[in-house]
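Results of the structural survey
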Amino acid sequence: MPSKTHVAVIGAGAFGGWTALYLLRRNVRVTLVDAWGPGNSRSSSGGETRIMRGTYGPNQPYTKMAAHALRLWKEHEAQWGVQVLHRTGVLWMATSADDQFERSSLPMLRDAGVAYEELSGKGVSKRWPQINVEDVRWAIYEPEGGFLSARLACQIVFDQFMKAGGEYKQAAVLPHDLEDGVRQGLTLSDGSKLTADRYVFACGPWLGKLFPETIGRLVRPTKQDVFFFGTPAGDDRFAEHKLPVWADHRDRFIYGIPATDGRGFKVADDTRGAEFDPTSGERVVSEDGLKAIRDYVAFRFPAMKDARLIETRVCQYENTPDNHLIIDRHGTAENVWLVGGGSGHGFKHGPAVGEMVAELAMERKEVNPTFQLARFRKADLLGQDSGC
Ligand SMILES: Cc1cc2nc3c(=O)[nH]c(=O)nc-3n(C[C@H](O)[C@H](O)[C@H](O)COP(=O)(O)OP(=O)(O)OC[C@H]3O[C@@H](n4cnc5c(N)ncnc54)[C@H](O)[C@@H]3O)c2cc1C
């Protein structure tokens, strides 16, 4: 009997975890390696919640990918018997005079078969009177969207991987000579060597440091502050059964997730923060950021005006210059795949990315040009989209 192909997947976040699971289903031997474990607090997937939505603006592959991923999340949720998708709906409020992003999202949603409603400002207020709609021109409501339990999902995917016969090593892959040395195998932090037939590096914000020549500054980690405000005692208007996930597309893009699991009302500004080191960065939010978010919350949700801050998180986006994902072979090592660049919106696509990467790694298929590394030579470096 010929021995099974052995694939090493480095990184057990949203992209690596799902890739490892999908690879196992192809009757492949898979070793998953992570420095700190699935959904750890340094990783970009390490937070309690992530938004699931299809509204993405014009000319992009993500509305269709999100629709496919939503089906996969639902299927897996049913298989696992655990809820990871909270169908609160997603309300995307168009508040600036330029609503091109929202207008051009509509045909993309239609084409992908994503359910949506167009609401007027008044319509929003009627349904959710806790929102001040003063400047809301109109809104897109996706009733099937909502939020995913992020850390929990990473851990469940990992458990399923182990149950299905996957192998795991908690160790860091040392960054030495990966650009041309993968053929000799990987050196791990415990001093051991790991050799496989193929390698998938799904190392989120660390990808540039591991591959300084191929990725380098193409994946730039930025500090993102996240705030959780306490809701008034006994008041459930800001909890998940009364309020959808919401996004406010104004001069800056602000979004929030209703209170869940007894935690607070989550609010964050999607504007890219300062550069951040995912290993050594101290995860403390900025005072200025807190003040700006407080002012915003008081305006948009008047009943939350004096809400106390009850928790904070600092995460990092792993941004590419155009905010598109990177899914491609290494330029000189045919058996090495590089996967990442979630750019603040990758989590929802986890199962779709895992399915795609497993197929690419095992079959001779063309990579979608949007995700190829070659695009950066001719790239429009101005970027296009917002996160979440
Ligand atoms: C604040 C915030 C809000 C977001 N909101 C949304 C949202 O609402 N919706 C959405 O879809 N997306 C959102 N995102 C983006 C999304 O979370 C990320 O794009 C996605 O989780 C990235 O997953 P990943 O697997 O590429 O990276 P990661 O989750 O960072 O995983 C990489 C893994 O690699 C491991 N690793 C790294 N280097 C090594 C090494 N040398 N050896 C071994 N292991 C290593 C790490 O420990 C880590 O576990 C948000 C991100 C942030 C930070």
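Preceding block: the structure.
These notes cover the structure that comes with them.

Helices and strands together make up the secondary structure of the chain, namely nine helices and 19 strands. Over its C-alpha trace the chain gives a radius of gyration of 21 Å, about what one expects of a compact globule, namely 21 Å for 388 residues. Counting only C-alpha atoms, the chain reaches 65 × 40 × 40 Å along its principal axes. Residues classed as buried in the chain amount to 59% of the 388 residues present. Summarising the internal contacts of the chain: among those between residues at least 6 apart in sequence, 76% fall at separations of at least 24. Taken as a whole, the chain presents about 16300 Å² of accessible surface, with 50% of it coming from carbon and sulfur. The distance from the centre of the 48 positive side-chain charges to the centre of the 49 negative ones in the chain is 2 Å.

Here we come to the side chain of arginine 53. Assignment of secondary structure puts arginine 53 in the loop between strand 3 (49-52) and helix 2 (62-80). Its relative accessible area of 2% is what places arginine 53 among the buried residues.

Another point: the pattern of salt bridges. A side chain with one charge may pair with a side chain of the opposite charge, provided their charged atoms come close. Counted under the stated rule, the structure contains 32 salt bridges. In this structure, glutamate 363 engages arginine 26 in a salt bridge whose closest nitrogen and oxygen atoms are separated by 2.8 Å. Placement of glutamate 363 in the segment after helix 9 (350-362) and of arginine 26 in the loop between helix 1 (14-24) and strand 2 (29-34) is noted, with a sequence separation of 337 residues between them. Assessed through its relative accessible area of 33%, arginine 26 is described here as partly exposed. Bridged by salt links that share partners, the residues Glu48, Arg151, Arg263, Glu311 and Arg313 form one connected network.

About the cut-offs
Counting starts from 1 at the beginning of each chain's written sequence and moves along it residue by residue. Totals for whole chains, interfaces and linings use every residue, but because this is a predicted model, local features are given only for residues with pLDDT of at least 70 and side-chain atom pairs only at 80 or more, for both listing and counting. Hydrogens are left out, water is left out, and the side-chain values use all remaining heavy atoms of the structure. Helix and strand assignments follow DSSP, with helices taken as H or I runs no shorter than four residues and strands as E runs no shorter than two, numbered in order from the N terminus. This radius of gyration counts C-alpha atoms alone. The globule rule is 2.2 Å times how many residues there are, raised to the power 0.38. Buried residues are those whose accessible area, probed at 1.4 Å on protein chains only, stays under 20% of the maximum for their type, while exposed residues exceed 50% and partly exposed ones sit between those limits. In this description, contact between two residues means that some pair of their heavy atoms is separated by no more than 4.5 Å. Residue-level accessible areas treat just the shown protein chains as cover; the underlying method is Shrake-Rupley with a 1.4 Å probe. When charges are counted, neither His nor the chain ends are considered; positive counts come from Lys and Arg and negative counts from Asp and Glu. Where a charge sits is defined by one atom per residue type, namely NZ (Lys), CZ (Arg), CG (Asp) or CD (Glu). Salt bridges are defined by distance alone: a side-chain nitrogen of Lys or Arg within 4 Å of a carboxyl oxygen of Asp or Glu.

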